[in-house]
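Spelled out, the chains give:
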Amino acid sequence: MNQIDANAQIESDCLIADVKHHLHPVTNPQTLEKLGPILAGDAEGVYVRLNGEKLIDGLSGLGCVNVGYGNEKLCRAAYTEMKRLSFSHGFVGQTSKTVAQLSEKLAKLTNYDFDKFFFASTGSDANESAVKLAYYYWRLKGQPKRKVLLSREYAYHGNTVLATALTGIEHYHFQFDLPLANLVTRVEAPYAYRCGVGLTSTEYVRKLAESLEEKIREIGPENVAAFFVEPVQGAGGLIMPPRGYLQAVQEICNRHGVLLIADEVVTGFGKTGSMFAYQHYQFKPDIITMAKGITSSYYPLSAVGLSQKVTDVLSTANEEFVHGFTNSGHPVAAAVALANIEVIEENRLLDNVKNAIEPALRRGMEKLAKHPAVGEARSIGVMAALDFCHGNSLAEQTAFCEKVALEAFARGLVTRPMDPVLGLLFPLISTAAEIDESMTILESAINAAML
Ligand SMILES: Cc1ncc(COP(=O)(O)O)c(C=O)c1O
């Protein structure tokens, strides 16, 4: 057997083993059995090889590979730190050089809007940690009854039990009888295209603000701990807030003493063209959560950032904060994050988003918006969404969207269908030419799906 045949045999054996022994997340086992797994091969820059085909990764993995694949600096940082100190943690005051440096760097990146950081591994456990920090804050403030969490329809906050409960997409709930009764209350999402029909942007923001305030009054502000918002709602369909919405939310939360928690697991580290989306939208959350782009997912890491309003209260405690994970403060994760941030800064990737990606994406979306199958095309930074109107029901529009995604895949572009919305989250290193090529592929994919 020559080397090529031997490699093909290994791949084929792996795929059989995978179907037999790997329980995949969010995968229908019968479809997997029928079609087999999609094998990720090698990846470089904005390109990934899937089932042997080289594609533009218009999704950056799962909205996480911000600096693109195969970056030498990140790989070296991981190797070097792993060799020096393969593990350390944050319990009972232990730390490491890279974790201390990363904490300071994150404070600087946020202009000290957040001055202390708690580390975890995933977006879900960052959000779980944010809930416990909010509860602890209220306990120290002498208001332990504040336990209700507010989140929004179409929200996605992760997949642990509590993060699923915070999530506002039914699909994630029904198999587990979530959300937990009384702990999470959902309010409307700022989804103008589908939920704000007939209203001007100002009227819609007013309506959303009034219904949020009504809900807080109904529950009683003295019972509400925090309101979770993704500045741009990701998995719910890349829903971009109308101007003034996030400021209105902040004003209401401040008025009722409710902590505002920005989930920037997707939007953090450059997706809007600013380092964080709260900076782009100019509002001030009390707590921020981040993951994915913090290391471009070369290594699992997440963080919860706390504003001084919160740390001032936490620092009054003369006791342990009884929460933490084995990997809270992993030195290798921190080294990779520092290298990742250096790559974003040294290569001026935020400028690339603003000057190259965003204009190309806006041009492409403006053109696609005129397509009869497209109800709304929206974009900001590296994120774009096509909200389809082809078909008379949501189910038909969803089926159409899935067809477009398959056609785009066949033409060399990875996208993400989210019910009737096709989502794109390009790596920050993408060129205008790569965005233009992706837009051409999309147009052809939509036309093919209509046949
Ligand atoms: C906004 C948001 N929050 C939280 C999460 C959960 O992150 P993880 O999958 O790392 O747990 C995600 C994942 O996609 C997300 O998009």
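Residues numbered from 1 in each chain as written. Predicted model: local features only at pLDDT ≥ 70, side-chain atom pairs only at ≥ 80, totals over all residues. Heavy atoms only, no water.

A few points about empty space enclosed by the protein
Put simply, the test is: Think of a 1 Å grid over the protein atoms and nothing else: a 1.4 Å probe that fits but is trapped marks a cavity, an open set flanked by protein within 12 Å on at least five of seven lines marks a pocket, and residues with an atom within 4 Å of a point count as lining. Grid points are joined across faces, edges and corners, and a volume is the space filled by probe spheres set on the points. By definition, any uninterrupted DSSP run of H or I lasting at least four residues is a helix, any uninterrupted run of E lasting at least two residues is a strand, and each is numbered from the N terminus. Note on residue categories: nonpolar means Ala, Val, Leu, Ile, Met, Phe, Trp, Tyr, Cys or Pro, charged means Asp, Glu, Lys or Arg, and polar means any other residue, Gly included.
Enumeration according to the criterion identifies 1 cavity of 30 Å³ or more in this entry. In this structure, the largest cavity spans a volume of roughly 40 Å³. It is helix α9 (residues 201-219) that provides the largest number of residues to the lining of the largest cavity, a total of 3 residues. Across the lining of the largest cavity, the residue classes tally to 5 nonpolar, 1 polar and 1 charged.

Focus on the packing of α9 against helix α10 (residues 245-256)
So the rule is basically this: For helices, the axis comes from a line fit to the C-alpha atoms of the stretch in contact; other axes are also lines fit to C-alpha atoms, and the angle between any two N-to-C directions lies between 0 and 180 degrees. Oblique is the label for every angle not falling under 35 degrees (roughly parallel), over 145 degrees (roughly antiparallel), or within 65 to 115 degrees (roughly perpendicular). Here is the rule for handedness: rotate from the far helix to the near one, and if that takes an anticlockwise turn smaller than a right angle the crossing is left-handed, while a clockwise turn gives right-handed. Between two residues, a contact is recorded if the distance between any of their heavy atoms is within 4.5 Å.
Across the interface, α9 lies against α10 with an axial gap of 10 Å and an inter-helix angle of 20°. Between α9 and α10, the angle falls in the class roughly parallel. The way α9 lies across α10 gives a crossing that is right-handed. Contacts between α9 and α10 involve Val 205, Leu 208, Ala 209, Leu 212, Glu 213, Ile 216 and Arg 217 from the former and Tyr 245, Ala 248, Val 249, Ile 252, Arg 255 and His 256 from the latter.

Remarks on the sheet that holds strand β10 (residues 302-306)
For clarity, the cut-off: When DSSP locates at least two bridges between a pair of strands, those strands are taken to pair.
The strand order across the open sheet built from 7 strands is β4-β10-β9-β8-β7-β5-β6, with neighbouring strands paired in mixed fashion. In the strand order of this sheet, the two ends are held by β4 (116-120) and β6 (184-187), each with one partner. Strand-to-strand twist across the sheet, computed as the mean angle between neighbouring axes with direction ignored, equals 20°. Bridge count for β4 against β10 is 5 bridges, and the pairing is antiparallel. In the sheet register, Ala 120 faces β10, and the bridge partner there is Ser 302. Lying on the sheet, helix α5 (residues 97-109) is in contact with β4, β9 (287-290) and β10; it crosses β4 at an angle near 125°.

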